[in-house]
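# Commentary on secondary and tertiary structure
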Amino acid sequence: MIPGDVIARGNHQYGGYIEKRGDEYIALRVGLAEVGRDGVKLNPMTGPYMPRAEDEVIGKVVDLNGFGWVVDINSCFDGFLPASFVFGREFSPSTHDLSSKFKVGDIIGARIESYERSRDPQLSIRGQGYGKVESGEIAKISPTKVPRLIGRRGAMINMLSEKTGCDIRVGQNGVVVVNGPPEGIVKVLKTIKMIEEEAHAADLMTKIEEYLGGATGGE
Amino acid sequence: MESKKKLMDDNGKRLDGRLWDELRPISLEVGVLKNADGSAHIEWGKNKITAAVYGPKEVHPKHQVLPDRALLRARYHMAPFSVDERKNPAPSRREIEISKVIREALQPAVIVEDYPRTAIEVWVEVLQSDGGSRVAGITAASLALADAGINMRDMVVGCSCGLIGETVVADLDDTEDKEGNGDMPVAIMPNFGLVTLLQVDGIYTRANFQKAFELAIEKGKQIYGMQREALTKRFFGGEPTTTQVEEAAE
């Protein structure tokens, strides 16, 4: 599908990147269309990361002021992590030192608390596993291919971490942190590149499995 | 009939051997620049044009920010070496005008409301110029926008038509543009059914205008097919066509 293509006609439910015009469903992006029982869907092949509430993202602290941290979340908008979300309600700029928690340049895992069209997205680190990322190799994948990297119910990412012995953390914004043995990390990074290039392949899972299997056998 | 040169011989062949309704050879490639969010290169006759898209990104200067939609910027620029006599690289009156018409030709296709408070920049750089560079630029720019993954209602595709004497011809080259009797660049959104650019110079009879306009649309749709091919090649390895993809999904 390319922008302007008619994906389906009639009456269906429809997802993102689709516009309904009369009884036609029009693709707004280059992507693969799915017409099924749960409606019309378009999986885009390319595009920027647009924040969505509840997304888990990985970002880099680029600035801090009296009230919180500004985080680059690989999007056209910067994320803002308010200090009161970190220190609690009793936070006051005079008693708390923000740089004791996160410094400029730190990588953090966070959740998008809220995002509206009129304001920059607000982040939160409340919950298990959020906060500063202490170690790991950082990789990037285009945000539209994140679902491919994760796979159906995490199938792809689980297989990848099992076969390489690495701990892989994927942000919805396309930032990936990999921890583990050096050879494993190299393999993961190569696989991510492969997924990036062949995201359109129908048998991606088997291809990756073959690649990983072959790589272990060859060593 | 013609003032200086004879642009069409007695058999209806033009200077480069084309018939009245033939296009020059066109080749399109998507994703040519690594550092751009989206890019495309077009070679159309002697035209060689690269288009790049950056964004959505933050707007600078800040006072230009639009709270409810994206700011679409377009720049058409001719490289100093793109013409026979060195061109001053400063934007000329003509380039500023073409930047404006390219922006306005793309604006209806881009869903700017999906990217509030951002800027989307389109850069069209003419590396070698021939006739019809604005429509070639629009055709490449819309490919670059699709490559960047900006939500679009439809692709935009351009083609020009014109007059040699009283004969309507498709796709003027540089000589025909300068020596001929009329030029009509047209850009369309082929599925949406919208004309986003229509400029005319020369004197047309009512019938000739109609004929040239319809010819430009017909040829535009033909070039739209090439756009589809180029995007398919970039994103699906050129193998599965859209119809096959649809079948596979069902």
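### Some points on the overall build of chain A
The secondary structure content of chain A amounts to five helices and 14 strands. On the principal axes, the C-alpha backbone points of chain A span a range of 60 × 55 × 25 Å. Within chain A, buried positions represent 45% of all 219 residues. Looking at chain A alone, contacts between residues at least 24 apart form 54% of all its contacts between residues at least 6 apart. A total accessible area of about 10900 Å² is found for chain A, and carbon and sulfur atoms account for 47% of it. Positive and negative charge centroids in chain A, built from 27 and 30 side chains respectively, lie 3 Å apart.

### Considering a nonpolar patch on the surface
Together, B:Val195, B:Leu198 and B:Val200 make up an exposed nonpolar region whose accessible area comes to about 210 Å². Inspection of the secondary structure assignment puts B:Val195 in strand β9 (residues 194–198).

### So, the interface of chain B and chain A
Across the boundary between the two partners, chain B contributes 34 residues, which contact 35 residues of chain A. Buried surface at the junction of chain B and chain A, summed over both partners, amounts to about 2700 Å²; 57% is from carbon and sulfur atoms. If you look at where chain B meets chain A, you find two salt bridges. A salt bridge links B:Arg228 to A:Asp5; its shortest N-O distance comes to 2.6 Å. On the surface where chain B and chain A come into contact, there are 14 residue pairs in polar contact (both at pLDDT 80 or more). Broken down by secondary-structure element, the contributors of at least two residues to the side of chain B that touches chain A are β3 (47–58), α2 (133–148), α4 (206–236) and α5 (242–249) of chain B. Top element by residues in the side of chain B that touches chain A is α4(B). It accounts for five residues. The residue inventory of the side of chain B that touches chain A, partitioned by class, reads 16 nonpolar, six polar and twelve charged.

### Observations concerning the packing of α2(B) against α4(B)
All names here are of chain B. For the pair α2 and α4, the least separation of the axes is 11 Å and the interaxial angle reads 35°. When you trace α2 past α4, the crossing you get is right-handed. Between α2, through Thr139, Ser142, Leu143, Ala146 and Asp147, and α4, the contact on the second element is made entirely by Ile223, Gln227, Leu231, Arg234 and Phe235. Taken together, the residues of the contact of α2 with α4 sort by class into five nonpolar, three polar and two charged.

### A look at the domain arrangement of chain A
Frequently, the measure chosen for interface size is the accessible area that the parts lose on association. Split by domain assignment, chain A resolves into domain 1 (6–44), domain 2 (56–133) and domain 3 (137–213). Once you take the C-alpha centre of each, domain 1 of chain A and domain 2 of chain A turn out to be 36 Å apart.

### Description of unusual backbone geometry
All names here are of chain B. The step from Gly55 to Pro56 runs through a cis peptide bond, and the omega angle for that step is 0°. Relative to the assigned elements, Pro56 resides in strand β3. Cis geometry is adopted by the peptide bond preceding Pro61, which originates at His60 and carries an omega value of -5°. As for its placement among the helices and strands, Pro61 is situated in the loop between β3 and β4 (71–78).

### Some details on the sheet that holds strand β5 (residues 118–128) of chain B
Strand pairing within a sheet occurs via backbone hydrogen bonds; the two strands may be parallel or antiparallel. Residues and elements named next belong to chain B. Taken in spatial order, the five strands line up as β1-β2-β3-β5-β4 in an open sheet, and their pairing is mixed. Lying at the two open borders of the sheet, with one neighbouring strand each, are β1 (26–30) and β4. Neighbouring strand axes in the sheet, compared pairwise and without regard to direction, differ in orientation by 15° on average. One ladder, built from five bridges, connects β1 with strand β2 (residues 38–44); its direction is antiparallel. Residue pairing in the sheet places Ser27 in a bridge with Glu43 of β2. In the packing of α2 onto the sheet, contacts are made with β1, β2, β3, β4 and β5, and the angle to β2 comes to roughly 150°. Sheet strands in contact with α4 are β1 and β2, and its direction is about 35° off that of β1.

### Brief notes about the side chain of B:Arg153
Tracing the backbone through its elements, the reader meets B:Arg153 in the loop between α2 and β6 (157–164). At a separation of 3.0 Å, a polar atom in the side chain of B:Arg153 contacts the main-chain carbonyl oxygen of B:Pro108.

### Looking at the pattern of salt bridges
All names here are of chain B. This model, assessed by the stated rule, comprises 31 salt bridges over all chains. Among the ionic pairs, Asp171 bridges to Arg24, the shortest N-O distance being 2.6 Å. Here Asp171 is found in the loop between β7 (167–170) and α3 (174–179), whereas its partner Arg24 is found in the segment before β1, with 147 residues between them in sequence. Here Asp171 matches Arg24 in class, with each residue buried.

### Description of the pairing of β7(B)
All names here are of chain B. As paired strands, β6 and β7 are joined by four bridges and run antiparallel to one another. Considered in β7, the bridge of Ile164 is made with Thr167. Between β6 and β7, which pair antiparallel and follow one another directly, the connecting turn spans two residues, one of which, Gly165, has a positive phi of 60°.

Cut-offs and rules
- Residues numbered from 1 in each chain as written.
- Chains lettered and ligands numbered in written order.
- Predicted model: local features only at pLDDT ≥ 70, side-chain atom pairs only at ≥ 80, totals over all residues.
- Heavy atoms only, no water.
- Helix = DSSP H or I, 4+ residues; strand = E, 2+ residues; numbered from the N terminus.
- Buried < 20%, exposed > 50% of the residue type's maximum accessible area, 1.4 Å probe, protein only.
- Contact = heavy atoms within 4.5 Å.
- Areas by Shrake-Rupley, 256 points an atom, 1.4 Å probe, with all protein chains shown as cover.
- Lys, Arg positive; Asp, Glu negative; His and termini not counted.
- Charge placed at Lys NZ, Arg CZ, Asp CG, Glu CD.
- Patch = residues over 30% accessible without salt bridge, like charges linked within 9 Å, V, L, I, M, F, W, Y side chains within 5 Å.
- Salt bridge = Lys/Arg side-chain N within 4 Å of Asp/Glu carboxyl O.
- Buried area = accessible area lost by both parts, 1.4 Å probe.
- Polar contact = N/O pair within 3.5 Å; in protein donor to acceptor, adjacent residues only side chain to side chain.
- Nonpolar A, V, L, I, M, F, W, Y, C, P; charged D, E, K, R; others polar.
- Axes fitted to C-alpha atoms, helices over the stretch in contact; angles between N-to-C directions.
- Left-handed = near helix turned anticlockwise from the far one by under 90°.
- Domains from an automatic or database assignment.
- Pairing = 2+ DSSP bridges.

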